[in-house]
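# Chains, contacts and geometry: an overview
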Amino acid sequence: MSHRHIDITLTVNGERITERVDARTTLVDFLRETLSLTGSHVGCEHGVCGACTVRVDGAIVRGCLMLAAQCDGARVETIEGLSDAGEMADLQKAFETRNALQCGFCTPGMLLTAQELLQSNPKASRDEIREHISGNYCRCTGYHAIVDAIESVAQSRGGK
Amino acid sequence: MKPAPFAYAKARSLDEAIALTGEADARILAGGQSLVATLNMRLSTPSLLIDINGLPNLSGIARKNGHVEIGALTRHAEAERSNDITQHAPLIALAMPHIGHPAIRNRGTIGGSIAFADPAAELPACLLALGGEVEIAGENGKRTVKADDFFKGLLETALGPRDILTAIRVPAADKNMRVGFAELARRHGDYALAGLAACARADGKGVKDVRLAFFGVGNTPLRAKKSEALLAEGKIEAAVEALDMTPQDDVQATGKTRKHLAGVLLRRVAAQLTEARL
């Protein structure tokens, strides 16, 4: 059966949600427009900039390259939920301390991407940090402060 | 931009997915990392998306009869973390970090990359360099197509409109297999300006059975057969001279630049092939 509108049930930041979505609605538009979770940003809409990065079933994805219709049964986490849960409060603090954001548009995606790296590779080097955030564009900072912030958290979490 | 309207169907079986391809302008949705971008830009406007994510038995990596078989829905990230890939398909392991970015690799699939056949993509060139094959399911059952016969033209493959790519197979590496991989891109994770995936057999101090598959320099991944033969004779500079592709100019680089870069890559990969030991 195929339909223009799809009923989905998913959890977003721990909350169970059932909605009818237009088949063509991307995940990030669903989060922003239907659920008013506007922390995930819409930048390039073709997977290049990383501003729409969210977590689906524990792995970061491009919110603009996945359809809401594909998220039936999925566990979606956004910057709002992860921020409230305090999971990466140290990373957020480091971004603030190190001036790793200016306009803030890229920051939610940058934080989710950095958090995934630090979870899988807690002792990431500067080169590994740069490689991992290469899919997240920042037009303000020139990246050095962002790398500094992530590196400082890698060191503090690693107990150095 | 936002996609034009389309209908969506989540296929529950391979047979159902193939049946749905009978509808006009239907497209298969796997990882969606190229397709959804083109939908957003309205470069493609299908009437129906057939979501094959969740189909059983299309995901996973297995060793079978001297081959490594990778299910079409295997995500790049899964292949990147796989010990089987590292040990038995080392060329694919070398290519993996160059494919997009972590968030793209979490979602993008091996089968999608091969089926889409972007001429600047890494995996089609790896499949060609390894002399692998593609397993296809269609209306009339299953068939297998060799990599050398699979890539037909720009974004055009041996897949017909009613076909679904179900797996790829590459020969499992043994102690005499040598592989090399290099690419040049403006930024990490960008599509390559030029790239080269290569495979050979160790032969004394040299190599034989060289297979070079360039990407980003033509409409499909390209073998360079004259250069392969010269490389097997140890003539690296002659192999560079013999490169006969004619890349097009585009906004990223001129064709002349790309051809020069192909030569640079060939020298680098030649060194990898003769030095690399499993």
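Residues numbered from 1 in each chain as written. Chains lettered and ligands numbered in written order. Predicted model: local features only at pLDDT ≥ 70, side-chain atom pairs only at ≥ 80, totals over all residues. Heavy atoms only, no water.

### A look at the domain arrangement of chain A
All names here are of chain A. Heads up, the condition is: Domain delimitation in this document rests on an assignment produced automatically or drawn from a domain database. Buried area is understood as the total, over both parts, of accessible area removed when two parts are fitted together, assessed with a 1.4 Å probe.
Per the domain assignment, the segments making up chain A are domain 1 (5-82) and domain 2 (88-157). When each unit is reduced to the centre of its C-alpha atoms, the spacing between domain 1 and domain 2 is 22 Å. For the pairing of domain 1 and domain 2, the buried interface totals around 1,300 Å² over both sides, and the portion due to carbon and sulfur atoms is 60%. For the domain 1 face of the interface with domain 2, the top three residues by lost area are His41, Ile60 and Ile79, together amounting to 37%.

### Examining the interface of chain B and chain A
What counts is decided by this rule: Note on contacts: a residue pair is in contact if any heavy atoms of the two residues lie within 4.5 Å. For salt bridges, the criterion is a side-chain nitrogen of Lys or Arg within 4 Å of an Asp or Glu carboxyl oxygen. Polar contact is defined as a pair of N or O atoms within 3.5 Å, subject to the rule that within protein one atom must be able to donate a hydrogen and the other to accept it, and that residues adjacent in sequence are counted only when both atoms are side-chain atoms.
Between chain B and chain A, the contact holds 36 residues from the first and 30 residues from the second. Where chain B packs against chain A, one counts two salt bridges. Across the pair A:Glu45 and B:Lys2 runs a salt bridge, and its minimum N-O distance is 2.5 Å. In this assembly, chain B and chain A are joined by 14 residue pairs in polar contact (both at pLDDT 80 or more).

### Topic: the environment of B:His67
Residues and elements named next belong to chain B. In plain terms, the rule: Each helix is a run of H or I in the DSSP string that is no shorter than four residues. Each strand is a run of E no shorter than two, and both are numbered from the N terminus. Burial classes follow relative accessibility: with a 1.4 Å probe on protein chains only, a residue under 20% of its type's maximum area counts as buried, one over 50% as exposed, and anything between as partly exposed.
Inspection of the secondary structure puts His67 in strand β5 (residues 67-71). For His67, a relative accessible area of 26% puts it in the partly exposed group. With 105 residues separating them along the chain, His67 and Ala172 place their C-alpha atoms 4.6 Å apart. Excluding anything up to four places from it in sequence, His67 contacts Ala62, Arg169, Val170, Pro171 and Ala172. For His67, the side chain forms a polar contact with the main-chain oxygen of Asn65, separated by 3.2 Å.

### Here we look at the environment of A:Arg130
All names here are of chain A. Within the element layout of this structure, Arg130 appears in helix α5 (residues 126-132). Sequence spacing of Arg130 and Ile146 is 16 residues, and the spatial spacing of their C-alpha atoms is 9.2 Å. Engagement of the side chain of Arg130 in a polar contact is seen with the side chain of His144, the distance being 3.2 Å.

### Remarks on helix α6 (residues 144-157) of chain A
Because the α-helix completes a turn every 3.6 residues, residues three or four places apart line up on one side. Residues and elements named next belong to chain A. Stated formally: Expected helix span is given by 1.5 Å per residue-to-residue step, counting one fewer step than there are residues.
Its 14 residues give α6 an end-to-end C-alpha distance of 20 Å, which sits within 8% of 20 Å, the value for a rise of 1.5 Å per residue. Every buried residue belonging to α6 is among Ala145, Ile146, Val147, Ala149, Ile150, Ser152, Val153 and Ala154, and all of these are buried. Close packing links the buried residues of α6 with α3 (89-97), α4 (107-120) and α5.

### Remarks on the side chain of A:Glu116
To keep it simple, the criterion reads: The positive count covers Lys and Arg only, the negative count covers Asp and Glu only, and His and the chain ends enter neither.
Examined against the element boundaries, A:Glu116 turns out to sit in helix α4. Comment: no salt bridge for buried A:Glu116; closest opposite-charge side chain is A:Arg55, at 6.1 Å. Residue contacts for A:Glu116: discarding those within four places in its chain leaves A:Gly58, A:Ala59, A:Ile60, A:His132, B:Pro102 and B:Asn106.

### Focus on the domain arrangement of chain B
All names here are of chain B. Taken domain by domain, chain B holds domain 1 (7-51), domain 2 (61-171) and domain 3 (179-275). The distance between the C-alpha centroids of domain 1 and domain 2 comes to 19 Å. On the domain 2 side, the residues contacting the 11 residues of domain 1 number 15 residues. In this assembly, domain 1 packs against domain 2 so that about 1,000 Å² is buried in total across both faces, 70% of it on carbon and sulfur atoms. On the domain 1 side of the interface with domain 2, the three residues burying the most area are Leu14, Ile18 and Gln33, jointly 45% of the side's total. Counting every contact that joins domain 1 to domain 2 gives zero salt bridges. The tally of links between domain 1 and domain 2 comes to two residue pairs in polar contact (both at pLDDT 80 or more).

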